[in-house]
Amino acid sequence: MQASILLDESATRTFTNLDQVSGKVIVRSTKAADIDDIVVKLEGESRTRLVNHLGPNGEKMKPKLEFHKILYRTTTVFPPPTLAQDRISTPVSGKPSYTLPPGTHEYRFTFKVPFNNSCHEPAPAKSSLSKVGISDWGIEIPVIPTHHVKKTLPPTLGGFPGEAEIRYFVKVTVSRHSFLKENPRAYRPFNFLPIESPRPSPTGSQVYARQRHVFHISSQAAEVSKKGKMKSMLGIAADTTPTITSAGPANGLAVSVDARLPEPAILTCNQGIPLTILLKRGNYSSEQVSLSSLQIMLRSSTKIKADDMSRTEQSSWIIMSKSNMGMAVNFPSDEEGSEAVIDDNLWRGHILPNTIAPTFETCDVSRWYSLDIRVGLAHRGSASAGKQQVPQSIILPLRLDCAIFSGILPPAAVLERMAQARDTMGEAPPYIASNISDGKLQTEAALNCAVFRPSDDASASQSAPPMPPRPGQGGLHAEEGLADAPPSYFDAVAEGAPPVIAPRPEYAPGIVREEDLRRSEKSGW
């Protein structure tokens, strides 16, 4: 006997909340078989596994495992309700069984994907037991989690083999009546990308990061002294190091570079980056500066938790990178405060890769993002009597913390129901999930990127956009309070709500094969 699952949608389709996951189960049998039932399940799992290789005394430690069943829906496709009711009303000895005749049998099923995760609900009795695995450390048993976060279902996540994984799939089990016969099973994984939370209204301001730099006057003699020539003939290196004057910014070109995003700083999957890069003169100067290189990179931080252990993994994607550009920056004038905006055609055609998941948080995995911009500037200098100014170049790093939304907008009917529910129940507005905490936004020391508020620079008070409240200063919850935060959507609004009929971004977090699901069911990781 064999079982298989065929979904109505294409295997490459990305599902989202409120979607109908439908298809049919195909059971093939060469001879009559006694079965108890055929059950189809819609499941989502978030599992983590962390290893502390050495204990306090140098001993080998066992891995810590954590498992959450974030989605669990079941339906029985066989026996039909009428046949099952007849068996219940007719006294039989033991558990009733049904004889499945030989041939091919098809059974339809349909599930509706909810809004929020369900791991806070009572888990199936065999859920944790089925995740027991065996490795080089021996038997691995996941702990029973006591901490749950009720929020919108997280996206499918890969890229951390043997460490963290979030996956969704449809599973069918044909329960044979005989205890000695194996139950046929089949799996069909699919990608999931959640509906984004209702976006906060634009404020009209911008968030920004800023770096300042002064191109100091560097000069060296036009002629080398006779003593220097003699050292050169004898093979002794002459001291021709340019001398840097310490006269300060007044004697050199001072510039500042801003990287700006609209507030709130939100990027969208599979779309471009609404970035503005602006250069500003810091003093009066007729000297010119050119853009020599530009790199825009997206960084992700993924916090993985398993029992009492946690780890933060860093990943990065280069959105665009250009070097040897030699693009002149045309300031409107030589006056201090003159501004020039870099042409955004340099990065406008570059979109976020389809492997990037939106910002999310679930019980044992969370992810947040920052945008790293590296601006390379070059200053050729100008010649004077008997002296030559040495060309200079500098790369200024900038970092902007941001959130990434899926780009799947909630249906209008859902927003209307949420408004009605708030009016009726007196609920607060839907919570915009944030995975930002004060510690997560600390800039790396090596990056040396300063973020300035308008009050830090009196000269920038008129042109610099206002900064939003920083984490830990109000507005964003602390990390220890995440479990108590209200969900992004009311579960009740999903009942009877129509599916999303709108373009959705392509999402390809990685391929999950049916063989992988079978193996993990039997041996854990």
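In short, a report on the structure.

Cut-off values and rules
- Residues numbered from 1 in each chain as written.
- Predicted model: local features only at pLDDT ≥ 70, side-chain atom pairs only at ≥ 80, totals over all residues.
- Heavy atoms only, no water.
- Core = buried A, V, L, I, M, F, W, Y, C linked by side-chain atoms within 4.5 Å.
- Buried < 20%, exposed > 50% of the residue type's maximum accessible area, 1.4 Å probe, protein only.
- Domains from an automatic or database assignment.
- Contact = heavy atoms within 4.5 Å.
- Pairing = 2+ DSSP bridges.
- Helix = DSSP H or I, 4+ residues; strand = E, 2+ residues; numbered from the N terminus.
- Axes fitted to C-alpha atoms, helices over the stretch in contact; angles between N-to-C directions.
- Salt bridge = Lys/Arg side-chain N within 4 Å of Asp/Glu carboxyl O.
- Phe/Tyr/Trp six-rings, centres within 6.5 Å; stacked < 30°, edge-to-face > 60°.

**Observations concerning the nonpolar core**
Within soluble globular proteins, side chains that are nonpolar tend to cluster in buried spots.
Logical step 1: By size, the foremost hydrophobic cluster in this structure holds 52 residues, and its most contacted members are Leu261, Leu275, Ile277, Leu298, Leu371, Ile373 and Leu377.
Logical step 2: In this structure, this core is formed jointly by two domains, domain 1 (2-123 + 139-195 + 484-523) and domain 2 (206-213 + 253-405), each of which donates at least three residues.
Logical step 3: Other than its neighbours up to four places away in sequence, Leu261 contacts Gln206, Val207, Leu267, Ile273, Pro274, Leu275, Leu371, Leu400 and Cys402.
Logical step 4: One finds Leu100, Cys119, Ala186 and Met309 within the second-largest nonpolar core, a separate group that totals 42 residues.

**Focus on the sheet that holds strand E7 (residues 103-112)**
Logical step 1: Read across the sheet, three strands follow the order E1-E3-E7 without closing on themselves; strand pairing throughout is antiparallel. Strand pairing shows two members of the sheet lacking a second neighbour, strand E1 (2-7) and E7, which therefore form its edges. On average, each strand axis in the sheet is tilted by 20° relative to the strand beside it, whichever way the strands run.
Logical step 2: With ten bridges connecting them, strand E3 (residues 20-29) and E7 associate as antiparallel partners. Across the sheet, Arg28 pairs through a bridge with Thr104, a residue of E7.

**Some points on the pattern of salt bridges**
Logical step 1: Overall, the coordinates contain 22 salt bridges when judged by the stated rule.
Logical step 2: For Glu9, the salt bridge identified is with Arg13, shortest N-O distance 3.9 Å.
Logical step 3: The exposure class assigned to Arg13 is partly exposed, which follows from its relative accessible area of 25%.
Logical step 4: Note that Arg299 and Asp372 form a salt bridge whose closest N and O atoms lie 2.5 Å from each other. Placement of Arg299 in strand E19 (residues 290-306) and of Asp372 in strand E24 (residues 365-379) is noted, with a sequence separation of 73 residues between them.
Logical step 5: For Arg299, a relative accessible area of 22% gives the class partly exposed.

**A few points about unusual backbone geometry**
Logical step 1: In this structure, the amide linkage connecting Phe78 to the following residue, Pro79, adopts the cis form with an omega of 5°.
Logical step 2: With respect to the secondary-structure elements, Pro79 resides in the loop between strand E5 (64-78) and helix H1 (81-89).
Logical step 3: Although it is not a glycine, Leu18 sits at a positive phi angle of roughly 75°.
Logical step 4: Positionally, Leu18 belongs in the loop between strand E2 (14-15) and E3.
Logical step 5: You can call Leu18 buried: its relative accessible area is 0%.
Logical step 6: Residues other than glycine seldom take positive phi values, yet Asn324 does so here, at roughly 50°.
Logical step 7: Among the structural elements, Asn324 can be located in the loop between strand E20 (309-322) and strand E21 (327-328).

**Some details on the pairing of E19**
Logical step 1: By the criterion of burial, E19 is predominantly enclosed, with 13 of the 17 residues buried.
Logical step 2: Where E19 lies against E24, 14 bridges are found, and the strand directions are antiparallel. Each residue of the ladder has a partner; that of Arg299, found in E24, is Ser370.
Logical step 3: For E19 and E20, the ladder comprises 13 bridges, and the chain directions are antiparallel. Following the sheet pairing, Ser301 is matched in E20 by Gln314.

**Here we look at the packing of aromatic side chains**
Logical step 1: Under the counting rule described, the total for this entry stands at eight aromatic pairs.
Logical step 2: Ring plane angle 45° and centroid distance 6.5 Å describe the contact between Trp317 and Tyr369, whose orientation is recorded as tilted. Of the two residues, Trp317 is situated in strand E20 and Tyr369 in strand E24; the sequence distance between them amounts to 52 residues. When sorted by exposure, Trp317 lands in the same class as Tyr369, which is buried.

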